[in-house]
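Working through the structure, step by step
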Amino acid sequence: MDFFRAIWSLFFGNPELTQEQKMQAIRSRVIPQDFIHKVARCETYPGGGPKRFVVPDACVDWEVTFAKYAPVFYEAPILGKQPVWADDPKEIRKIEYNRIDKACNVDRTSAHGVYVVTQEGFPRNPLGRTGIEGRGLLGRYGPNHAADPVVTRWKRNSETHEVEHDADGNPILQFVAIRRKDNGLWALPGGMVDPGEVASATVKREFGEEALDAMSLSEAEAEKVKQDLDELFDAEHAVVVYKGYVDDPRNTDNAWMETTAVSIHDSDGHLFDKFKLQGGDDASDAKWADYTPGMELYASHTNFMAIAYEFRRGQLEQ
Ligand code: RP5
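These notes cover the structure that comes with them. (Residues numbered from 1 in each chain as written. Predicted model: local features only at pLDDT ≥ 70, side-chain atom pairs only at ≥ 80, totals over all residues. Heavy atoms only, no water.)

**Comments concerning the nonpolar core**
Counting 63 residues, the largest nonpolar core has V151, F175, F207, F233, F272 and M305 as its most contacted members. Among the elements that take part in this core, helix 6 (residues 301–316) stands out by supplying seven residues, more than any other. Here V151 is in contact with Q174, F175, V176, F207, F233, I264, F272 and W288, once residues within four sequence places are set aside. Membership of the second largest hydrophobic core comes to five residues, among which are V55, C59, F66 and Y69. (Core = buried A, V, L, I, M, F, W, Y, C linked by side-chain atoms within 4.5 Å. Buried < 20%, exposed > 50% of the residue type's maximum accessible area, 1.4 Å probe, protein only. Helix = DSSP H or I, 4+ residues; strand = E, 2+ residues; numbered from the N terminus. Contact = heavy atoms within 4.5 Å.)

Here you go:
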């Protein structure tokens, strides 16, 4: 970069940065390179699972020798019933890792590059040890892909319509949150990507099912909701804020969650008025929640919100 451009960008920002470059800079501020998964090492595996073998921070990386490491094998009883969303352990040798697995049309690629598959045919969690072997509650060996809608608006004064600020003068962002039935935590209304489905379709479907309870609407109402969502979740409004590993309590050494978090921002504050928020499917409740930095949300959802906040604030201040 020459001297003039360096001085220009110091005072006025870099005019040549693309949206994706700006987003990348925000992501690396929110999620540092040396991030170590923590939720994926929670003491007890969720859904009535066993206690995890304790993995200290220094031993998470597979490259670090951990001679005493003896992860606990756990696969939830539901997997024994061979549900459609799960791999068949008898067929593990046929699984095509690190690519689209043609036999079942499942995406086995990871946003973190090529992951290791052991000689026994088990994929290794790219973020390191978790204290549990097997799939736990997850259906797929390797990455289990999800998608999360990050639907936001600025909190506005109901009379003046001006954006409201917190005590430190920061604009307040609101987002659509659902309460998960499995653990009672507030979360983004995300869900699993179906075989052959693209993440952009999953975010719409999951938003409808979990935040609008679309599954209990009449056929005509559901069709109307689908049309409205198609309009709002179009390529013009949707921005990918994050794609990659989720620090999810269900992760194991051989199965883990990855997601594509897509931000849809209601800039005038009325686009989503036509929808009645109502928890459905895996959600017991749905609401517009005020985002506060560091707030407790399921898995690493608070990080996705932090990225979306910075990005949307940058737009507000332009
Ligand atoms: C998280 O689990 C993802 O970010 C997504 O929100 C969710 C998908 O799993 P289910 O909600 O379908 O259980 O890791």
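Additional details are given in the paragraphs that follow.
**Description of the site of the ligand**
By nearness alone, every residue bordering the ligand is listed as A146, D148, R180, G190, G191, M192, V246, D248, R250, M257, Y298 and H301. Between the ligand and R250 there is a distance of 2.7 Å, counted from an oxygen atom to a side-chain nitrogen or oxygen. When the free accessible area of the ligand is taken as 360 Å², the share hidden by the protein chains comes to 94%. Secondary structure elements with two or more residues in the shell around the ligand: strand 5 (142–154) and strand 8 (191–192). Its residues assigned to classes, the shell around the ligand comprises five nonpolar, three polar and four charged. (Near = heavy atom within 4 Å. Polar contact = N/O pair within 3.5 Å; in protein donor to acceptor, adjacent residues only side chain to side chain. Areas by Shrake-Rupley, 256 points an atom, 1.4 Å probe, with all protein chains shown as cover. Nonpolar A, V, L, I, M, F, W, Y, C, P; charged D, E, K, R; others polar.)

**Brief notes about the pattern of salt bridges**
Counting across every chain of the model gives 23 salt bridges. Residue R99 is joined to E96 by a salt bridge in which the shortest nitrogen-to-oxygen separation is 3.8 Å. Exposure remark for R99: the relative accessible area of 46% places this residue in the partly exposed category. A salt bridge links E197 to R205, with the shortest nitrogen-to-oxygen separation between them at 2.9 Å. Within the structure, one salt-bridge network assembled from shared partners comprises D194, E197, R205, E206 and E209. (Salt bridge = Lys/Arg side-chain N within 4 Å of Asp/Glu carboxyl O.)

**Considerations on the side chain of N254**
For N254, the position within the fold is in the loop between strand 9 (238–245) and strand 10 (255–266). When its relative accessible area of 8% is taken as the criterion, N254 is described as buried. Of the polar contacts made by the side chain of N254, one reaches the backbone nitrogen of G134; its length is 2.9 Å. Here N254 is in contact with F122, P123, E133, G134, Y141 and G142, once residues within four sequence places are set aside.

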